[in-house]
Amino acid sequence: QSYDTFLQACGESYWMRKLLVNAVSMQTVYIQQHQNGRLLEIVDMHPMVTWNRTLVASARAGACKSAQQKNGPVGMHDNGTLHINHLVDPQGDALKVEAYWCDGGTVHKSLLKTSKSRLKDAWLESYRYLENLSEGNVSANNSTKNSTLVCESIFYPPESGNNGRFSSTSIIWKYERI
């Protein structure tokens, strides 16, 4: 139910929400770091589509919890220090994503902005981290095998042209290692 509520706040239609909510139970997410964490490969696989993307992290560490400013969350407004990833979503829409590590390299933050006209000036801010690491529960051999991957996502709706169709919302996903 929370995923349906999240999608509704993001402006998804009734039928698209029903399709996505039913497919999410069959989803598998594969995440792998490359180049000492500079690259984060994320592959979402479910019956409707497989979406493979690699986020290149900006060299600088940024603020983890950011306050929203007029044109979206803090970030992507900085000149020269950010790496902007240009991606395409499964529907073929262009995306701009800034990504970087924060909290001492334990939290991966990303800011996503889409080219979809109905979502112009909307943002999706996500934080990915291992739950037992954030709680200080790393085993003696520094193993993360029993860690739960947490992905917190916050949707910031467009400020203008919204007509009440969108609202700010958030969702938390937890993925068990298999």
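Preceding block: the structure.
Just so it is clear, the model here is predicted, and its values are computed rather than measured.

Novice: Mind showing me how you'd approach the sheet that holds strand 10 (residues 148–156) here?
Specialist: Within a sheet, adjacent strands bond to each other through the backbone by hydrogen bonds, running parallel or antiparallel. Strand order in this open sheet of 6 strands is 6-7-8-9-10-11, and the pairing throughout is antiparallel. Each edge of the open sheet is held by one strand with a lone partner, namely strand 6 (84–88) and strand 11 (169–176). Going from strand to strand, the sheet's axes swing by 20 degrees on average, the running direction of each strand aside. Against the sheet, helix 1 (residues 2–9) contacts strand 9 (123–130), strand 10 and strand 11, and its axis sits at roughly 140 degrees relative to strand 11.

Novice: Is there a simple way to explain unusual backbone geometry in this structure?
Specialist: Trans peptide bonds make up most of the peptide bonds, and negative phi angles are found at most residues other than glycine. Although it is not a glycine, Gln35 sits at a positive phi angle of roughly 50 degrees. With respect to the element layout, Gln35 can be found in the loop between strand 1 (28–34) and strand 2 (39–46). Its relative accessible area of 59% is what places Gln35 among the exposed residues. Of note in the backbone geometry, Asn36 takes a positive phi value of approximately 55 degrees without being a glycine. Within the secondary structure, Asn36 is located in the loop between strand 1 and strand 2. Here Asn36 falls in the exposed class, since its relative accessible area comes to 86%.

Novice: Would you take a moment to explain the pattern of salt bridges for this structure?
Specialist: Pairing between side chains of opposite charge can happen when their charged atoms approach one another. Within the structure shown, the criterion is met by 5 salt bridges. The closest approach of N and O atoms between Lys109 and Glu125, which form a salt bridge, is 3.1 Å. Of this pair, Lys109 sits in strand 8 (residues 107–114) while Glu125 sits in strand 9; the two residues are 16 residues apart in sequence, bridging distant segments of the chain. The exposure classification of Lys109 matches that of Glu125, with both residues buried. Among the ionic pairs, Glu131 bridges to Lys174, the shortest N-O distance being 2.6 Å. Taken together, the residues Glu131 in helix 3 (residues 131–134) and Lys174 in strand 11 connect sequence positions 43 residues apart. You can call Glu131 partly exposed: its relative accessible area is 21%. Here the residues in one salt-bridge network are Asp4, Arg17 and Lys18, joined through shared partners.

Novice: What is the right way to read helix 2 (residues 14–24) from this model?
Specialist: Owing to its 3.6 residues per turn, the α-helix aligns residues three or four sequence positions apart on the same side. For helix 2, the set of buried residues is Arg17, Leu20 and Ala23. Take helix 2 and look down its axis: the buried residues cluster within an arc of 140 degrees, on one side only. More than 90 degrees from the buried face of helix 2, the exposed residues found are Trp15 and Asn22. As for helix 2, its buried residues are in contact with helix 1 and strand 2.

Novice: For this particular structure, what's the right way to read the pairing of strand 9?
Specialist: Looking down a regular strand, the side chains alternate between one sheet face and the other. Counting buried positions over the 8 residues of strand 9 gives 6, a clear majority of the element. Note: strand 8 against strand 9, 6 bridges, orientation antiparallel. Counted as the bridge partner of Leu112 is Leu124 from strand 9. Of the pairings in the sheet, the one linking strand 9 to strand 10 comprises 8 bridges and is antiparallel in character. Across the sheet, residue Glu125 finds its bridge partner in strand 10, namely Ile154.

About the criteria used
- In this convention, every chain numbers its residues from 1, walking through the sequence in written order.
- Predicted model: local features are reported for residues with pLDDT of at least 70 only, side-chain atom pairs are reported and counted for 80 or more only, and whole-chain, interface and lining totals are derived from all residues.
- The side-chain quantities take in all heavy atoms of the structure and omit both hydrogens and water.
- Any two strands are treated as partners once DSSP identifies two or more bridges connecting them.
- Each helix corresponds to a stretch of at least 4 residues labelled H or I by DSSP, and each strand to a stretch of at least 2 residues labelled E; elements are numbered beginning at the N terminus.
- Each axis is a line fitted through C-alpha atoms, taken for helices only over the stretch in contact, and angles between the N-to-C directions span 0 to 180 degrees.
- By definition, residues are in contact when any of their heavy atoms lie within 4.5 Å.
- Categorising residues by exposure relies on relative accessible area from a 1.4 Å probe, with only protein chains included: less than 20% of the type maximum marks a residue as buried, more than 50% marks it as exposed, and the intermediate range marks it as partly exposed.
- Each salt bridge in this description consists of a side-chain nitrogen of Lys or Arg and a carboxyl oxygen of Asp or Glu lying within 4 Å of one another.
- The directions from the helix axis to the C-beta atoms form the arc being described.

Take it as geometry only, folks, not as evidence of what the structure does.
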